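Commentary on secondary and tertiary structure
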Amino acid sequence: MNELSKESIKIDSREYVDPVKEVINGKTYIIVNTSFIHSHIVTSLRDIFFLYFYNKGNTQCRVFSEGLNIYLDKEDEDTYVIPDVAIICGDIKIQGNGYIGVPELIVEVLSDKTRTKDKGLKFRLYEKTGVKEYFIVDPRSKTIEQYILKDGSYFLEPVIIIDLDEVENDNENFIMESKVFEGMKVDFNNIFKV
């Protein structure tokens, strides 16, 4: 029996499921099921990004959401992440069940269990390995942070704070524009209206 099978989580008396996990610097982090709002945000962003590339006729970039192991450093087999959304351009280098390389853009949607890791450990890992753009979406505070890599360090663009009263009244546009992909805009007006 392999190590993953030994770590199986008991769902009920009849069924066992292998957990989804990330490994960062040799430490294992179990990923648990997400909430409805988390899934809604991930799916919405994935679809918006997909349509951007589809409409541009861009076949060099692909959008992946949840479930793809990403090895950011081909020399470090002890570290892989599973971002909520990742945009990968160029040759897709797949080895086993994962991608080897650095995505252009990564999105993490915070949850109570991932908040500290996404804003700390993964933030530093993405910055160090050269992810050009990193979005952190916080469903609890209704904020979106957009970090752009410049000279090896992340710089925070103005934070978008969603005020649902203003969204309801359509008085405000909450649009974030990618700095890596020209013309890629994400309108958060409807994403948080669930």
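Summary of the structure given here. Quick caveat: nothing in here was measured; it's all calculated off a predicted structure.

What follows deals with the pairing of strand β11 (residues 133-138). The buried fraction of β11 is high, at six of six residues. Here β11 shows a buried face lined by Glu133, Phe135 and Val137 and a second buried face lined by Tyr134, Ile136 and Asp138. One ladder, built from five bridges, connects strand β10 (residues 105-109) with β11; its direction is parallel. Counted as the bridge partner of Leu105 is Glu133 from β11. Here β11 pairs with strand β12 (residues 143-150) via six bridges, running antiparallel. Considered in β12, the bridge of Ile136 is made with Glu145. The hairpin formed by β11 and β12 contains four residues between the paired strands, and Lys142 there has a positive phi angle of roughly 55°.

On to the environment of Gly130. Within the fold, Gly130 resides in the loop between α4 (121-129) and β11. Exposure remark for Gly130: the relative accessible area of 25% places this residue in the partly exposed category. Put simply, Gly130 and Leu149 are 19 residues apart on the chain and 7.2 Å apart in space, counted from C-alpha to C-alpha. Every residue in contact with Gly130, bar those within four places of it in the chain, is listed here: Val102 and Leu149.

Quick notes on the rules
Residues numbered from 1 in each chain as written. Predicted model: local features only at pLDDT ≥ 70, side-chain atom pairs only at ≥ 80, totals over all residues. Heavy atoms only, no water. Buried < 20%, exposed > 50% of the residue type's maximum accessible area, 1.4 Å probe, protein only. Helix = DSSP H or I, 4+ residues; strand = E, 2+ residues; numbered from the N terminus. Pairing = 2+ DSSP bridges. Contact = heavy atoms within 4.5 Å.

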